[in-house]
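Summary of the model geometry
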Amino acid sequence: MMTSLPPDPTLDEIRDGLAPGIAANAAFDGWSDAAVAAAAQAAGIDADVARLAFPGGAVDMIDAWFAGIDRDMLAAVPPTRLAAMKVRGKITALVEARLTLLAPNRESLRRALAILALPQHVTRAATLGWRAANAMWRAAGDTATDYNHYTKRAMLGGIYAATITVFVNDESAGWADTRGFLARRIEGIMRFEKAKAGFLKRVEHRPSLSRFIGRLRYPVV
């Protein structure tokens, strides 16, 4: 859905506003200047000005589209709905909301993934995956700031990336294959988190070997 633009929009506003239209055109024109021009024409924006909003070319267009998906996901699954769910349900609902938002442009998504898979874009792809995972965990209420912050996002990012790969080729009714794949992977996360919590609880009060050695070396006087 094209986002309406204010009068005399900034480049940031143009980027955000045109991203959905570019994604819709990318299925036919690729992530290209032609897709930008088509979206700009539909929005009444000069094509040359619109191109300035995407100085990095295709990856900037994809970045803007995914950023819009992040925002729309949060609107589709508001805090009031998430509050009634357990963590497993929250993550599932958020990922499925993303899939629903991406579904009208699966060919554009397929082309975007091909671009992000290029060696020169690997770092950018990782950044976008991390951003999506972080948005989902934060929406789910995760406030961890220790190493759990990183492990949770790394795991969810990997699961989301794998799920998207299944999704772009899923021809099953209602994306049943993708939903089943996602459910199994999220179950894996939940098992891991449960096992990790149990392990940490068991070792929490064990004597620390490093502290013991330190005391031998620097005894208290």
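My aim in this report is to walk through the structure given alongside it, one point at a time. (Residues numbered from 1 in each chain as written. Predicted model: local features only at pLDDT ≥ 70, side-chain atom pairs only at ≥ 80, totals over all residues. Heavy atoms only, no water.)

**A word on the overall build of the protein chain**
Assigned secondary structure in the protein chain consists of eleven helices and zero strands. Scanning the protein chain from its N terminus toward the C terminus, one meets helices and strands in the order α-α-α-α-α-α-α-α-α-α-α. Partitioning the intrachain contacts of the protein chain with sequence separation of at least 6 by distance along the chain shows that 66% fall at a separation of at least 24. Split by element, the accessible area of the protein chain, about 12,500 Å² in all, is 60% carbon and sulfur. (Helix = DSSP H or I, 4+ residues; strand = E, 2+ residues; numbered from the N terminus. Contact = heavy atoms within 4.5 Å. Areas by Shrake-Rupley, 256 points an atom, 1.4 Å probe, with all protein chains shown as cover.)

**Structural notes on the pattern of salt bridges**
Taken as a whole and assessed by the stated rule, the structure comprises 14 salt bridges. Between aspartate 63 and arginine 124 there is a salt bridge, with the nearest N and O atoms lying 3.0 Å from each other. You can see aspartate 63 sitting in helix H4 (residues 58–76) and its partner arginine 124 sitting in helix H8 (residues 122–139), a full 61 residues away along the chain. When its relative accessible area of 16% is taken as the criterion, aspartate 63 is described as buried. Judged by relative accessible area, which is 27%, arginine 124 ranks as partly exposed. Where arginine 110 meets glutamate 107, a salt bridge forms, and the shortest distance between an N and an O atom there is 2.6 Å. Here glutamate 107 and arginine 110 lie together in helix H7 (residues 106–116), a separation of three residues that amounts to about one turn. Residue classification places arginine 110 among the partly exposed residues on the basis of a relative accessible area of 31%. Ionic contacts of the salt-bridge type, sharing partners, join the residues Asp60, Asp63, Asp70, Arg98, Arg124 and Arg131 into one network. (Salt bridge = Lys/Arg side-chain N within 4 Å of Asp/Glu carboxyl O. Buried < 20%, exposed > 50% of the residue type's maximum accessible area, 1.4 Å probe, protein only.)

**With respect to a nonpolar patch on the surface**
A cluster of nonpolar side chains, namely Leu11, Val49 and Leu52, defines an oily patch on the protein surface of about 240 Å² accessible area. Mapped onto the elements of the fold, leucine 52 is located in helix H3 (residues 47–52). Taking the relative accessible area as the measure of exposure, leucine 52 reaches 56% and is therefore exposed. (Patch = residues over 30% accessible without salt bridge, like charges linked within 9 Å, V, L, I, M, F, W, Y side chains within 5 Å.)

**Concerning the side chain of threonine 163**
Tracing the backbone shows threonine 163 in helix H9 (residues 147–167). Within the structure, the side chain of threonine 163 is placed 2.8 Å from the backbone oxygen of isoleucine 159, a separation counted as a polar contact. Ignoring anything within four residues of it in the chain, the contact list for threonine 163 reads Leu99, Thr178, Phe181 and Leu182. (Polar contact = N/O pair within 3.5 Å; in protein donor to acceptor, adjacent residues only side chain to side chain.)

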